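# Descriptive structure summary
Take a look at the letters that make up each chain.
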Amino acid sequence: MHKLNRRSVLRGSLGFAAAGTFARPFIANAAATSASVWWTQGFVPEEDASFRNMVADYEKASGNKIDYSIIPFAPLMQKLVSALTSGDVPDVMTHDIADAALVPQNAWHDRLVDLTEIVEPLKAQYHPTAYLAAQYYNNFTKKRSFYYAPYKTAVLPFHIWNSLVEKAGYKMSDAPKTWDAFWDFFKPMQKKLRDKGMRGVYALGLQPTTTGPADGNNTFHYFMIAYGGNGIVTKDGAPHIDDLQVKEAVIKALTYITTAFKEGYVPPGALSWNDADDNNAFHAKQMIMDLDGTISTEVALYHKKEEYDDIVTMGLPLDNAGKPIPAQLGVGGAFIPKGAQNIEVAKDFIKYVIQPKVVNEYLKTGLGRWLPPMPDLVKNDPFWLDPKDPHRVAYTREGLLSPTVPGYPVYNPGYAEANAQQIWGTAAADVIRDGMTPQAAAEKALKRIGDVLAKYPIIQS
């Protein structure tokens, strides 16, 4: 979702509140010891400054030393994969899409340290979906356990240029409340705006891309879930690619996305967009609306008040039958690879990071681009639901106060491999470029996913 090349350089800064010494150190203050940490670079400078503050507070509280590297999204993924392959690893690893791309397979292969003693005590405070996303199946022990310590979460809200909607002669207050009708609402605006001289504007920020790594898959999953296909993989890890409801949902998702593209409502370049490109296109007002993870779209303009206030952030509409659509909740967390040299210090640091007060201060100081994994934090701290910032309110309600479901790799690690293959983007390209019917493209894609998941049988205890 977040690469360096889409970072916006923001002028100015916030006053950074210290995270404080809220957590009792896992290790008593004795001889100073250290751990190495690879951390994902933030989308805005405030996030990195917040992380540095948190580390400083931990070092002061524990007497331990954290040797950290803050690394951009794409290079970090490459380093993590290389390290896990070679065994030359740091003590603590993180990545914004580790739950979808790294932890599931490495837990399966027994390459990660069990974190039950750290995560399980916070069960009552964790959001149930985030708690579930901390657990993965180990093919050596033949059971699920905790290999991931969540400290942030995210969903995909809608991002809409209100000024473009009004310039086209419409009002967001008139937007329909159901899925297809909501997307369709923006289509006629495209011609209205082009007639007024905006020749390069498109209605929809759909992402039928084969490039990845995350946005194309995320967009497709939200459509598939909206059409009733969330049962493609169930909690027992079993795939249901032959389920008629799943097939129908996949066909409907492919049909809507590819038809909108072929009818000219989506920027042509979207077929090869990476995770940065939709943000760049939206900021350039190349499209009226976008569905994209986190509120990075808005936070990038935080210090440009006129533009920041012009964006409307919205949670999900109802499905076509008028029922709530659960949002797929992405979970960011930390994990420890086997082979780490300082496991006890690594556990101590992670235990500190995931304490609710530490999490809350870290994410708030980072402008709220990510949500905490503990619902009580957003209920008790006015920052998250402050009506003065409607972006954050809509995002928080969608992610923590409305129905959610986990990503499919939580249930079966094979789905992480399927995500990496960009199977859904390839299916869209089969329809758009090669003239395949949505039905045939759906059959091909589902067979590919079934073949991948078959390599990861989950044995029920």
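Residues numbered from 1 in each chain as written. Predicted model: local features only at pLDDT ≥ 70, side-chain atom pairs only at ≥ 80, totals over all residues. Heavy atoms only, no water.

This brings us to unusual backbone geometry. Here the bond from glycine 212 into proline 213 is cis, since omega is 10 degrees, no more than 30 degrees from zero. With respect to the helices and strands, the residue proline 213 is situated in the loop between β8 (202-205) and α10 (215-226). The phi angle at lysine 142 is positive, at roughly 60 degrees, despite the residue not being glycine. One non-glycine residue, leucine 367, adopts positive backbone phi at about 70 degrees. Looking at the secondary structure, you find leucine 367 in the loop between α16 (356-365) and α17 (375-380). (Helix = DSSP H or I, 4+ residues; strand = E, 2+ residues; numbered from the N terminus.)

For the structure on display, the rule yields 16 salt bridges. We note a salt bridge from aspartate 195 to lysine 191, for which the minimum N-O separation is 3.0 Å. Of this pair, aspartate 195 and lysine 191 both sit in helix α9 (residues 187-195), separated by four residues, roughly a single helical turn. Using a relative accessible area of 56% as the deciding quantity, one classes lysine 191 as exposed. The salt bridge partner of lysine 305 is aspartate 309, with a shortest N-O separation of 2.8 Å. (Salt bridge = Lys/Arg side-chain N within 4 Å of Asp/Glu carboxyl O. Buried < 20%, exposed > 50% of the residue type's maximum accessible area, 1.4 Å probe, protein only.)

Under the criterion given, the structure shown has six cavities of 30 Å³ or more. When its volume is computed, the largest cavity comes out at roughly 70 Å³. In this structure, the largest cavity is lined by Gln207, Pro208, Thr209, Gly216, Asn217, Phe220, Ile257, Gln422, Trp424, Gly425 and Ala428. Among the secondary structure elements, those contributing two or more residues to the lining of the largest cavity are α10 and α20 (423-432). For the lining of the largest cavity, a count of residues per class yields five nonpolar, six polar and no charged. (1 Å grid on protein atoms, 1.4 Å probe; cavity = no way out; pocket = protein on both sides within 12 Å on 5 of 7 lines; lining within 4 Å. Points joined across faces, edges and corners; volume = space filled by probe spheres on them. Nonpolar A, V, L, I, M, F, W, Y, C, P; charged D, E, K, R; others polar.)

Attention now moves to the packing of aromatic side chains. Summed over all chains, the structure comprises 30 aromatic pairs. Taking 5.3 Å as the distance between ring centres and 70 degrees as the angle between the ring planes, the aromatic pair formed by phenylalanine 158 and tryptophan 183 counts as edge-to-face. Taken together, the residues span a long stretch of sequence, with phenylalanine 158 in strand β7 (residues 158-161) and tryptophan 183 in helix α8 (residues 179-185) at a distance of 25 residues. The exposure classification of phenylalanine 158 matches that of tryptophan 183, with both residues buried. Here the aromatic residues Phe158, Tyr170, Trp179, Phe182, Trp183, Phe185, Phe186, Phe223, Tyr227 and Tyr256 are joined through ring pairs into a cluster of three or more. Here the guanidinium or amino end of arginine 194 rests over the ring plane of tyrosine 202, the centre of that ring lying 4.7 Å away. Just above the ring of phenylalanine 383 sits the side chain of arginine 392; from NZ or CZ to the centre is 3.8 Å. (Phe/Tyr/Trp six-rings, centres within 6.5 Å; stacked < 30°, edge-to-face > 60°. Lys NZ or Arg CZ within 6 Å of the ring centre and 35° of its normal.)

Next up on the list: the confidence of the model for the protein. In the predicted model, the protein carries a mean pLDDT of 93, and 93% of its residues have values of at least 70. Note on residues 1-31: pLDDT under 50 across the span, and 95 contacts to partners over four residues away in sequence or across chains. (pLDDT = per-residue confidence, 0-100. Contact = heavy atoms within 4.5 Å.)

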